[in-house]
Amino acid sequence: MVNITYDASGSLEWFDPNTDDGTTWVYNPGDIAWVLCSTALVWLMIPGVGFFYSGLLRRKSALSMIWASMMTIAVVSFQWFFWGYSLAFSDTGNAYIGDLQHFGLKGVLEKPSAGSSRIPAIVFCVFQLMFAAITPMLAIGAIAERGRLGPIMVFVFIWSTIVYDPIACWTWNPTGWSFILGGLDFAGGTPVHISSGTAALAISIYLGKRRGYGTERLAYKPHNTTYVVLGTVFLWFGWFGFNGGSALAANLRAVQACIVTNLAASVGGMTWMLWDYRLERKWSAVGFCSGAIAGLVAITPASGFVGSPAAVLFGFMAGTLCNFATQLKFVFGYDDCLDIFASHAVGGVIGNVLTGLFAQASVAGFDGVTTIPGGWLDHNYIQLGYQIADSVAGMSYSFVMTTIILWIMHFIPGLRLRATEEAEILGIDDAEMGEFAYDYVGIDLGTNHDFHDDTHSHGALPATTGGREPRHVSHGHDASSEEGDVEKRGTAVTA
């Protein structure tokens, strides 16, 4: 029988029989309800990532990203139950990773959680599951158009165990080294965004370039901008639970986190769109959505620590620096076709660094409990060093371990991640799934015909690699460029 009772106000009370002083823990139903609602909001973000990624790709591989989002939820849900939660949040682990104290969720129920004594462990567990699930989904977008779907399920399980769980442990577990050091990460700058963005870079390098990289064949625009907007809507909506729910209580700090989240996303979206406008003199929906997500990424580690004015700077810096970071793939020659590294790894580092500058003890204290020394605004100058150390550690660990996982799988029969050239030509949807995102059959007529799947002209812009951002080459807007904006449509048979 669970030792739970209710007081006169309707709050849950748990009496700890293992204490000499008869300690009683009180859980407010409103706090529990808010965290459970936030759990559902973050769950919705995961298919949101799938739709966002799907819209950015060519239509012949569009369904695979939506499939990946649902598959990731399922795989990580089992992994989290099996040992993921224990490895991340057991209180008997070391500074780097937990142990199997809570294997199979043993003992995870009514006791105060590792994150806050205001909610029971079982509520914290299911909330943190959503963070564990969305992180590998962000990373595996790097397999787009050239990765096998079967091995990716194995990769997600292994990566969550070896990469995500240790980083989550050292960031949020009270025994973790970064937590003890004093690093500030409210909702996942390092465990979620830096780890996933850096893993995406490692996957992109391992898989190599797609067929036709650097030629007109890959000079395509997103095939379904509506999916991109829809995915952004799911993500933006869910991020209120992602950041606001990380207060782990229904209080003023949660409200403040929601305010700065919305503000940073708004400023980031407008900033990215304006930077794009200078190139093509077009008001890009994809640019706005990309900037909004960059702003959301950057504000994530800071959302419970900074005031509203700082959120404007977070959005502007993310919308600017992440936009220009999309050019890194052209400089270094890797094929990150969805710009995951530029948006999530770079955005996460921006957020961590700015948190070191603008974190305020007064804002953290909005919940009436939390005390921190603050950042540079509070004259705590060492905080920037803690933030940089955490960022570098997360980035280095994720890149190295992801690369090792990929190459070990490479030499295990059946687990090699790279799809064949034939599958890439046919499309991952057909080759790996035998299903399509749309009720049609697309016909690629090959080299003897003037048709390339989902190819668009960019006027005077050189051929790029698709994704959310072309090369930053300014060109005049004249009649010839207007003609170049017309899509080259191929033959399609409507079913």
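The sections below set out a description of the structure shown in this document. Predicted model, so just to flag it, every value in this text is computed and none were measured.

### Quick look at helix H6 (residues 189–207)
Argument step 1. Between its first and last C-alpha, H6 extends 26 Å over 19 residues, near the 27 Å set by a 1.5 Å rise per residue.
Argument step 2. Its axis deflected by about 25° at Ser195, H6 carries its strongest bend there.
Argument step 3. The buried fraction of H6 amounts to 18 of the 19 residues, a majority that puts the element mostly inside the structure.
Argument step 4. Within two residues after H6, Gly208 carries a phi angle of roughly 80°, on the positive side.

### Section: the packing of aromatic side chains
Argument step 1. If you walk through the whole model with that rule in mind, you get 27 aromatic pairs.
Argument step 2. Seen in terms of ring centroids, Phe51 and Tyr227 are 5.1 Å apart; in terms of plane orientation they differ by 90°. Their pairing is edge-to-face. Here Phe51, found in helix H1 (residues 29–56), pairs with Tyr227, found in helix H7 (residues 225–244); they are 176 residues apart in sequence, far enough to count as distant.
Argument step 3. A relative accessible area of 19% means that Phe51 is categorised as buried.
Argument step 4. Judged by centre distance (5.5 Å) and plane angle (20°), the ring pair of Phe78 and Phe82 falls under stacked. On the criterion of helical spacing, the pair formed by Phe78 and Phe82 is a turn pair, its members being 4 residues apart in helix H2 (residues 62–89).
Argument step 5. The partly exposed category is assigned to Phe78, whose relative accessible area is 45%.
Argument step 6. Taking the relative accessible area as the measure of exposure, Phe82 reaches 26% and is therefore partly exposed.
Argument step 7. An aromatic cluster of three or more residues is present, and its members are Phe78, Phe81, Phe82, Trp83, Phe103 and Phe157.

### Some words on the nonpolar core
Argument step 1. Grouped together as the largest cluster of nonpolar side chains are 120 residues, with contacts concentrated most on Tyr53, Trp80, Phe155, Tyr164 and Phe242.
Argument step 2. The dominant element in this core, judged by the number of residues it contributes, is helix H3 (residues 121–140), at 15 residues.
Argument step 3. For Phe155, the residues in contact, after removing those within four places along its chain, are Ile140, Ile203, Thr402, Ile405, Leu406 and Met409.

### What to know about a nonpolar patch on the surface
Argument step 1. Taken together, the side chains of Val400, Ile404, Ile408 and Ile412 present a nonpolar region at the surface, about 330 Å² in accessible area.
Argument step 2. Looking at the element boundaries, Ile408 is found in helix H14 (residues 382–410).

### Some thoughts on the sheet that holds strand E3 (residues 24–27)
Argument step 1. Read across the sheet, 3 strands follow the order E1-E2-E3 without closing on themselves; strand pairing throughout is antiparallel. The open sheet has two edge strands with one neighbour each: strand E1 (4–6) and E3. The sheet shows a mean angle of 30° between the axes of neighbouring strands, direction not considered.
Argument step 2. Of the pairings in the sheet, the one linking strand E2 (residues 12–15) to E3 comprises 4 bridges and is antiparallel in character. When the sheet's bridge partners are listed, Phe15 is paired in E3 with Thr24.

Thresholds, definitions, all that
- Residues numbered from 1 in each chain as written.
- Predicted model: local features only at pLDDT ≥ 70, side-chain atom pairs only at ≥ 80, totals over all residues.
- Heavy atoms only, no water.
- Helix = DSSP H or I, 4+ residues; strand = E, 2+ residues; numbered from the N terminus.
- Expected span 1.5 Å × (residues − 1).
- Bend = angle between axes of the 7 residues up to and from the residue.
- Buried < 20%, exposed > 50% of the residue type's maximum accessible area, 1.4 Å probe, protein only.
- Phe/Tyr/Trp six-rings, centres within 6.5 Å; stacked < 30°, edge-to-face > 60°.
- Core = buried A, V, L, I, M, F, W, Y, C linked by side-chain atoms within 4.5 Å.
- Contact = heavy atoms within 4.5 Å.
- Patch = residues over 30% accessible without salt bridge, like charges linked within 9 Å, V, L, I, M, F, W, Y side chains within 5 Å.
- Areas by Shrake-Rupley, 256 points an atom, 1.4 Å probe, with all protein chains shown as cover.
- Salt bridge = Lys/Arg side-chain N within 4 Å of Asp/Glu carboxyl O.
- Pairing = 2+ DSSP bridges.
- Axes fitted to C-alpha atoms, helices over the stretch in contact; angles between N-to-C directions.

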